[in-house]
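Descriptive structure summary
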Amino acid sequence: MKTSKILYFFLMSLFFISCSNDEVFQEKEQSTTVEKEPVNSAKNRANLKPIGSGVMMQAFYWDVPAGGTWWNVVKGKVAAWSNAGIDAIWLPPASKAQNGPFSMGYDPFDYYDFGEYNQMGSVETRFGSTTELQSLINTAHNNRLSVIADIVLNHNSGGNSEYNPFKGTNTYTDYQPMSGLFNRSYYDFHPNDAQASDEGVFGGFADLSHSKSYVRDWLWGRSNSVAKYYKNFGFDGWRFDYVKGFGAWVVKDWKNAVGGFSVGEYWDGNAATLDWWSGQAEVSAFDFACYYRMRDAFQGNNLNRLNDDMLWKRNASKAVTFVTNHDTDEIINNKILAYAYILTHEGYPTIFYRDYEDWLDKNKLNNLIWIHNNLASGNTSILYVDNDEYVARRNGNNSAGIVVYINNSNSWKERWVETNWSNTRIKDYTGHSGWEPVTQGGKWVKIQAPPKSYSVWSVK
Ligand SMILES: [Ca+2]
Ligand SMILES: [Ca+2]
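Now for a quick tour of the structure.

Reading guide: rules and limits
Residues numbered from 1 in each chain as written. Chains lettered and ligands numbered in written order. Predicted model: local features only at pLDDT ≥ 70, side-chain atom pairs only at ≥ 80, totals over all residues. Helix = DSSP H or I, 4+ residues; strand = E, 2+ residues; numbered from the N terminus. Buried ≥ 20, exposed ≤ 12 C-beta atoms within 10 Å, placed from the backbone. Contact = placed C-beta atoms within 7 Å. Pairing = 2+ DSSP bridges. Axes fitted to C-alpha atoms, helices over the stretch in contact; angles between N-to-C directions. Parallel < 35°, antiparallel > 145°, perpendicular 65-115°, else oblique. Left-handed = near helix turned anticlockwise from the far one by under 90°. Nonpolar A, V, L, I, M, F, W, Y, C, P; charged D, E, K, R; others polar. Core = buried A, V, L, I, M, F, W, Y, C linked by C-beta atoms within 7 Å. Arc of directions from axis to C-beta.

Summing up its helical and strand segments, the protein chain has 15 helices and 21 strands in all. Taken over 460 residues, the protein chain has a buried fraction of 49%. If you take every contact in the protein chain between residues at least 6 apart in sequence, the share linking residues at least 24 apart comes to 64%.

A sheet is described by the order of its strands in space; here five strands give the open sequence 15-16-17-21-19, paired in antiparallel fashion. Both outer strands of the open sheet, strand 15 (380-385) and strand 19 (426-428), are each paired with one neighbouring strand and no more. Averaged over all pairs of adjacent strands, the angle between their axes in this sheet comes to 20°, without regard to strand direction. For strand 17 (residues 402-407) and strand 21 (residues 453-459), the ladder comprises five bridges, and the chain directions are antiparallel. The partner of Ile406 across the bridge, within strand 21, is Tyr454. Against the sheet, helix 13 (residues 335-342) makes contact with strand 17 and strand 21, and its axis sits at roughly 160° relative to strand 17, the strand it touches most.

Mapped onto the fold, Trp457 is located in strand 21. Non-local contacts of Trp457, meaning those with residues more than four positions away in its chain, are made with Ile402, Val403, Ile426, Lys427, Asp428 and Ile447.

Burial along strand 20 (residues 444-449) is one-sided: the face carrying Val445, Ile447 and Ala449 is buried and the face carrying Trp444, Lys446 and Gln448 is not. Relative to strand 20, strand 18 (residues 413-418) is paired through six bridges, and the arrangement is antiparallel. For Glu418, the partnering residue across the bridge sits in strand 20 and is Trp444.

Look at helix 9 (residues 248-258) against helix 10 (residues 271-281): their axes get within 7 Å of each other, and the N-to-C directions meet at 45°. Comparing their axes, helix 10 and helix 9 come out oblique. Judged by the twist between their axes, the crossing of helix 9 over helix 10 is right-handed. Residues Ala248, Val251 and Lys252 of helix 9 touch helix 10, and the partners they reach there are Trp277, Gln280 and Ala281. A breakdown of the residues in the contact of helix 9 with helix 10 according to their chemical character gives four nonpolar, one polar and one charged.

Read around the closed barrel, eight strands run 1-2-5-10-11-12-13-14, paired in parallel fashion. Strand-to-strand twist in this sheet, taken as the mean axis angle between neighbours without regard to direction, amounts to 25°. As paired strands, strand 12 (residues 284-286) and strand 13 (residues 319-322) are joined by two bridges and run parallel to one another. Directly across from Ala285, in strand 13, lies its bridge partner Ala319.

Here we come to the nonpolar core. Grouped together as the largest cluster of nonpolar side chains are 122 residues, with contacts concentrated most on Met57, Ile89, Ala340 and Ile406. If near-sequence neighbours (up to four positions away) are discounted, Ile406 is found in contact with Leu303, Leu337, Ala340, Tyr341, Tyr390, Ala449 and Tyr454.

Note that Leu145 resides in the loop between helix 6 (130-142) and strand 5 (146-151). Distance in space between the C-alpha atoms of Leu145 and Ile89 is 6.9 Å, their sequence separation being 56 residues. Those residues within four positions of Leu145 in sequence are excluded, and the remaining contacts are Val78, Trp81, Ser82, Ile86, Asp87, Ala88, Ile89 and Ala140.

The next thing to look at is the pairing of strand 7 (residues 160-164). Of all five residues that make up strand 7, zero are buried, and the element is exposed over most of its length. The pairing of strand 7 with strand 8 (residues 169-174) spans five bridges and is classified as antiparallel. Pairing of Ser161 across the sheet is with Tyr172, part of strand 8. Counting the residues that bridge the hairpin from strand 7 to strand 8 gives four residues, and of these Gly168 lies at a positive phi of roughly 70°.

This part takes up helix 10. For helix 10, every residue scored as buried is listed here: Ala271, Leu274, Asp275, Trp277, Ser278 and Ala281. Seen from one end, helix 10 has its buried residues packed into an arc of 165°, which puts them on one side. Tucked into the core, helix 10 has its buried residues touching helix 9, strand 11 (262-264), strand 12, helix 11 (288-299) and helix 12 (311-314). Following helix 10 by one or two positions, Glu282 adopts a phi angle in the positive range, close to 60°.

It is worth stressing that arrangement in space is one thing and function is another; only the former is reported here.
And the structure:
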């Protein structure tokens, strides 16, 4: 989560306080008694595609339509996504937050309320009801997709005011959620009798103190902990929000308690730092180094930056690559080129909902997903790079591998490159070039790429 979002929360809080709850949310409270679907069986999970074998879908963006419909929107798309080669969907924080029906979920109040208790102004969350979430997860599983929960462990929001002896004043640290689970008080937030502070705070939010055994026990330790409640509900993996705000051991302990694919949002452009955090937490990390280098390359028109350090180059198995997310306001020029980059390179790539559904050419993305899942294997050799051209080779292991040619100039480019294939006919699997050249005995071949576009070559 991004610092500029603090203003959003603040303004929404003011708006919320100024509204009369009864008038605004009356309709919401009526349509909530629907029979619950059964929790997913282990059998249902057994057929899931392995996470990382395909591509992740970030199944939301900032300010998706409110009104409790988003889970149903996503449910309507998962079959097509799975057919396209997606292997997991990442959902926004699913539990009731302070801003209730308006919240994107990053101001968590009651971790156990997926939209079944009338608190914080509504029964449903912004995204829907418990039943609708359960139905979405069941549908995703039936389509072999894993479901990744967005977990906010750094801070809470929405507690009542109480006198806090550690601050000598009143603080909003009195939490008595309607689920009746994980009540909190000033002892559970910084500063307290255990710690004055931890690695970081987010804005003015109440900063959870993981040094308290009570907090650790509720978050992941006990049989009805938050982590186990989510897992039993059907979530398969975890995306941890703002992990700069607490020790890497918190993520590690959560993962050890319930297992599952895990990725942390350590917002830092330094590849060495990301690699360090990933090693400490023993989970994956979003490759912010790759994100910033791609921005320099495609926004700054200097593809030489793709030569620079990124997490996937240090530890591909722990790098989750992305072109944009719900927090990044910068628009990368020629975004499809950035997707051509992450979908042909190492790391576990993520596609942003709006890029796929609203903004970019879905056929081009589907083609790149297919290339990622079927051809782009093995380690990477960069064959050529200058300001506006980039050529790299995936050397193959379980498939033939590829040569990807990215052209950020305004004219066609062609170039002799060294492949891993001798006397072999190859073709461009994007269809952008109609050439079908035969590689020389020494494995060299001439390939081409159209202006502001790319080509991906492999054995015909
Ligand atoms: Ca709904
Ligand atoms: Ca913190």
